[in-house]
Amino acid sequence: MDQILVQTLHGLVNGMVLAMVASGLTLIFGIMDIVNFAHGDLLMLGAFVGASVLGVTGNYWLALLGAALVIAALGAVLQVTTLRPLIGRDPLTTILATFGISLVIQKYALWQWGPSVRRISEPVPGDFTLFHLQYPWYRIATAVLAGLILGGLWLFLKYGKYGIWIRATTQDRVMAQAMGIPVPLVYTAVFAIGSAMAAASGVLFGPFAGVTQTMGFDFTLRAFIVVVVGGMGNLGGSILASIFVSLLESYAAIVVSPAQAVIVSFVVLVLTMLFRPTGLFVPTPK
Amino acid sequence: MTAMPAARPRSPAVGYWIGFAVVVGLLVVAPLVLPPFWQRFATEILIWGLLAMSSDILIGYTGMVSFGHSAFFGLGMYGAAAALLTVKPPSLGLAVLYGLVAAGGAAVFVAYFATRLRDIYFAISTLVFSQIFYVIIFTWTEVTGGENGLTFGQPRLSLLGLGSDRFTPTTFHWFVLAVVLISYLLVRRITQSPFGQVLQSIRENEPRTRAIGYHVERYKIVAVMLSGLFAGLAGVLYAFQNKFAAPDFVFFVVSGEVVIFNVMGGMGTLVGPFAGAAFFLLLREGLSRFLTEYYLIPLGIIFVIMIIFLPQGLLGFLRRRLNA
């Protein structure tokens, strides 16, 4: 019973971080039909930048902000140089291009930071006792912070002027252009925002298990899964799906090893694609 | 790229067969003149090319991008390993059979689910399925050897009971060449058959193909199965060459490389994937001499540039002639 409670907490915390990763991916997909294979690698790069900033300044919040800004700039550059020329081509070519980018980023990180695991120290010290187990506060803080960032993103999309531009472009890019919204600029901005979300979640995840240059693919795959389960391009759906899938994986980890628990989310994905390809957490389309 | 002039309808085919004969001739002579390292390299290109060609059936001819070919390749390897480790004495034919059964079975399983989905959803689902196989193989240590994989001896060459002989690098190259040639001609014949025409029509316009009355899903399942079988065959050959099966080859990176081979060489040409594999492996060899494992940085950049500026691939301009 205790174990179930701890795993529930674990699943919720992991789900919040995953929701941040997925929100960037789903935002990019929703507006540009781009499946960003490099998303997890941008996350990894953000975590490394964050670790470096932390090493220099010793301030966790500066690390979070610095990583987000650096990766946002990188995302903007990537979008302009490689993805903008591909607009109007088969969406599959963007998968291939972002896959190429992911290879480059991964090896660049290996070259720059080496193969060893980097630690990001916990921003909030201390544990609290949950029944008989110690549970660290920073995990709770991370989940809350992820929730705040997601809430901020949601408010921005809902009420901000540029958020409304983004939603307008998602709905109908031709009409948006006709209304005077600079669509190419919106594309670049959204890619930058998505990249920044990835980088921030990388820094948030850093204290959990350390930062390695191979962590990206795992996140890309998991983000894909929850984005499809939640409904492609649907922000709220992705967040719910992240928590749902993470909880399932946590519970599965009680029975089997964590490495095998991943299969649970694969199965959820396949079942979703077969029976509800528009996503689990969206109303049935007419 | 325009239509062939009507006055010489046979000439593309003649040119094609002359080119074909020249390339085959070069490949036959290759092990006799190349130093041992490059000899092995040539064999490896043929095997990777076969894997990439199997993927071309889906990418180039049916319009479905598979990111899961590592699963079929890996299961071919492990299937061959199973036959070589359990059956005494090791038998070449049985190893091929086991490998094909394993890969084909996996392909049918994946195809049953994945072919109901289209475009990126198909790509993601094949990726996810290949990761399922990876996790199973990686964690089921008692049977698959887990992270360390399995090692075994090379089987002896025995064709139709005509005695048996140890493989030398040269005879192994010829053996691989023969298998690859037969596979290539078979796949070429398949893509030109009415079945292959239906696949291409699915690529061009799926709703219309369905409206004409073809059972699109069934065609797709068969296409994935065929593709998986040839990928498995490549896995078997690779297992023979290296005498081991390792989970690394089931990992998604291999699937990614297969897609790269196709894009670099030219999708929908069958020969292109071989050229792409050769181009990629040669670049890797050259770059890793002075960049070690960072060769992927320039290679990745070249790949992205090719996607933007050369979407047809190296041999894309020959597409019409190669399918003549």
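Residues numbered from 1 in each chain as written. Chains lettered and ligands numbered in written order. Predicted model: local features only at pLDDT ≥ 70, side-chain atom pairs only at ≥ 80, totals over all residues.

Overview of the overall build of chain A
Line of reasoning, step 1. For chain A, the count of helices and strands is 11 helices and 2 strands.
Line of reasoning, step 2. Starting at the N terminus and walking to the C terminus, you meet the elements of chain A as α-α-α-α-β-β-α-α-α-α-α-α-α.
Line of reasoning, step 3. Against the globule reference of 19 Å for 286 residues, chain A gives a C-alpha radius of gyration of 19 Å, in line with a compact fold.
Line of reasoning, step 4. For the C-alpha atoms alone, the extent of chain A along its principal axes is close to 60 × 50 × 35 Å.
Line of reasoning, step 5. Of the contacts formed within chain A by residues at least 6 apart in sequence, a portion of 75% connects residues at least 24 apart. (Helix = DSSP H or I, 4+ residues; strand = E, 2+ residues; numbered from the N terminus. Rg over C-alpha atoms; globule rule 2.2 N^0.38 Å. Contact = placed C-beta atoms within 7 Å.)

Quick word on the overall build of chain B
Line of reasoning, step 1. Scanning chain B for helices and strands turns up 14 helices and 2 strands.
Line of reasoning, step 2. For a compact globule of 324 residues, the expected C-alpha radius of gyration is about 20 Å, and chain B comes in at 20 Å, within 12% of that figure.
Line of reasoning, step 3. The buried share among the 324 residues of chain B stands at 48%.
Line of reasoning, step 4. Of all intrachain contacts in chain B linking residues separated by at least 6 positions in sequence, the fraction that spans at least 24 positions is 77%. (Buried ≥ 20, exposed ≤ 12 C-beta atoms within 10 Å, placed from the backbone.)

Structural notes on the confidence of the model for chain B
Residue and element names in this part refer to chain B.
Line of reasoning, step 1. Residues at a pLDDT of 70 or more form 94% of chain B, whose mean pLDDT is 84.
Line of reasoning, step 2. Averaged pLDDT values for the elements of chain B fall to 71 in helix α14 (residues 319-322) and rise to 91 in helix α10 (residues 216-242).
Line of reasoning, step 3. Considering only residues more than four positions removed or in separate chains, one finds that residues 1-8, a stretch of pLDDT under 50, has 3 contacts.
Line of reasoning, step 4. In the predicted assembly, ipTM is 0.82 and pTM is 0.85. (pLDDT = per-residue confidence, 0-100.)

Description of the interface of chain B and chain A
When the parts of a complex come together, some accessible area is lost, and that lost area is often used as the size of the interface.
Line of reasoning, step 1. Each partner contributes to the interface: chain B provides 29 residues, whereas chain A provides 33 residues.
Line of reasoning, step 2. Put simply, the parts of the chain that give the side of chain B that touches chain A at least two residues each are α5 (119-139), α11 (252-265) and α13 (296-309) of chain B.
Line of reasoning, step 3. The dominant element in the side of chain B that touches chain A, judged by the number of residues it contributes, is α5 of chain B, at 11 residues.
Line of reasoning, step 4. Of the residues contributing to the side of chain B that touches chain A, the split by class is 22 nonpolar, 5 polar and 2 charged. (Nonpolar A, V, L, I, M, F, W, Y, C, P; charged D, E, K, R; others polar.)

Things to note about helix α8 (residues 183-209) of chain A
Residue and element names in this part refer to chain A.
Line of reasoning, step 1. The terminal C-alpha atoms of α8, which comprises 27 residues, lie 39 Å apart, in line with the 39 Å expected from a rise of 1.5 Å per residue.
Line of reasoning, step 2. Along its length, α8 reaches its greatest deviation from straightness, about 25°, at Val203, and the proline Pro207 lies no more than four positions downstream.
Line of reasoning, step 3. Most of α8 sits inside the fold, with 22 of its 27 residues counted as buried. (Expected span 1.5 Å × (residues − 1). Bend = angle between axes of the 7 residues up to and from the residue.)

Some details on the environment of Thr209 of chain B
All names here are of chain B.
Line of reasoning, step 1. With respect to the element layout, Thr209 can be found in helix α9 (residues 206-212).
Line of reasoning, step 2. In sequence terms Thr209 and Gln192 are 17 residues apart; their C-alpha atoms lie 17 Å from each other.
Line of reasoning, step 3. When neighbours within four sequence positions are excluded, Thr209 is seen to be in contact with Val198, Ser201, Ile202, Tyr214 and Val216.

As for α11 of chain B
All names here are of chain B.
Line of reasoning, step 1. Taking 1.5 Å per residue, 14 residues should reach 20 Å; α11 reaches 20 Å between its end C-alpha atoms and fits that length.
Line of reasoning, step 2. Within α11, 13 of the 14 residues are buried, which leaves it mostly tucked inside the rest of the structure.
Line of reasoning, step 3. Where α11 ends, the next residue or the one after it, Gly266, has phi of about 120°, a positive value.

A look at the nonpolar core
In globular proteins that are soluble, nonpolar side chains generally tend to be buried together.
Residue and element names in this part refer to chain A.
Line of reasoning, step 1. Core analysis: the biggest nonpolar cluster contains 197 residues, and Met20, Ile71, Ala199 and Ala200 have the highest contact counts within it.
Line of reasoning, step 2. Element by element, the count of residues in this core is highest for α8, at 15 residues.
Line of reasoning, step 3. When near neighbours in sequence (up to four residues on either side) are disregarded, Met20 contacts Ala146, Ile149, Leu150, Met197, Ala200, Ser201 and Leu204. (Core = buried A, V, L, I, M, F, W, Y, C linked by C-beta atoms within 7 Å.)

Points about the packing of helix α2 (residues 36-62) of chain B against α11 of chain B
All names here are of chain B.
Line of reasoning, step 1. Packing of α2 against α11 brings their axes to within 9 Å, and their N-to-C directions diverge by 75°. It follows that α2 is roughly perpendicular to α11 by the angle criterion. Residues Trp48, Leu51, Ala52, Ser55, Asp56, Ile59 and Gly60 of α2 touch α11, and the partners they reach there are Val258, Val259, Phe261 and Asn262.
Line of reasoning, step 2. A class-by-class count of the residues in the contact of α2 with α11 yields 7 nonpolar, 3 polar and 1 charged. (Axes fitted to C-alpha atoms, helices over the stretch in contact; angles between N-to-C directions. Parallel < 35°, antiparallel > 145°, perpendicular 65-115°, else oblique.)

Details of unusual backbone geometry
Negative phi is the rule for most residues except glycine; trans is the rule for most peptide bonds.
Residue and element names in this part refer to chain B.
Line of reasoning, step 1. We note that Lys243 has phi near 60°; this positive angle belongs to a residue other than glycine.
Line of reasoning, step 2. Its location among the elements puts Lys243 in the loop between α10 and β2 (244-245).
Line of reasoning, step 3. Here Lys243 falls in the partly exposed class, since 14 other C-beta atoms lie within 10 Å of it.
Line of reasoning, step 4. One non-glycine residue, Leu270, lies in the positive phi region at around 65°.

A look at the environment of Phe73 of chain B
Residues and elements named next belong to chain B.
Line of reasoning, step 1. Looking at the secondary structure, you find Phe73 in helix α3 (residues 69-86).
Line of reasoning, step 2. Judged by local crowding, Phe73 falls into the buried class, with 34 C-beta atoms found within 10 Å.
Line of reasoning, step 3. Separated by 121 residues in sequence, Phe73 and Pro194 have C-alpha atoms that sit 27 Å apart.
Line of reasoning, step 4. Each residue touching Phe73, except ones within four places of it in the same chain, is listed here: Leu51, Ala231, Ala234, Gly235, Phe249 and Val254.

Things to note about the packing of helix α5 (residues 137-159) of chain A against α8 of chain A
The description of two helices packed together rests on the angle between their axes and the distance between the axes.
Residues and elements named next belong to chain A.
Line of reasoning, step 1. Packing of α5 against α8 leaves a shortest axis separation of 9 Å and a crossing angle of 170°. Here α5 is positioned roughly antiparallel relative to α8, judged by the angle of their axes. Mapping the contact onto sequence places Tyr138, Thr142, Leu145, Ala146 and Ile149 in α5 and Ala200, Leu204 and Pro207 in α8.
Line of reasoning, step 2. Residue classes in the contact of α5 with α8 are distributed as 7 nonpolar, 1 polar and no charged.

Here's the deal with the environment of Leu94 of chain B
All names here are of chain B.
Line of reasoning, step 1. Mapped onto the elements, Leu94 comes out in helix α4 (residues 92-114).
Line of reasoning, step 2. Note on Leu94: 16 C-beta atoms within 10 Å, which makes it partly exposed.
Line of reasoning, step 3. Distance from Leu94 to Leu84, taken between C-alpha atoms, is 8.1 Å for residues 10 residues apart in sequence.
Line of reasoning, step 4. For Leu94, the contacting residues outside a window of four places in its chain are Ala83 and Val87.

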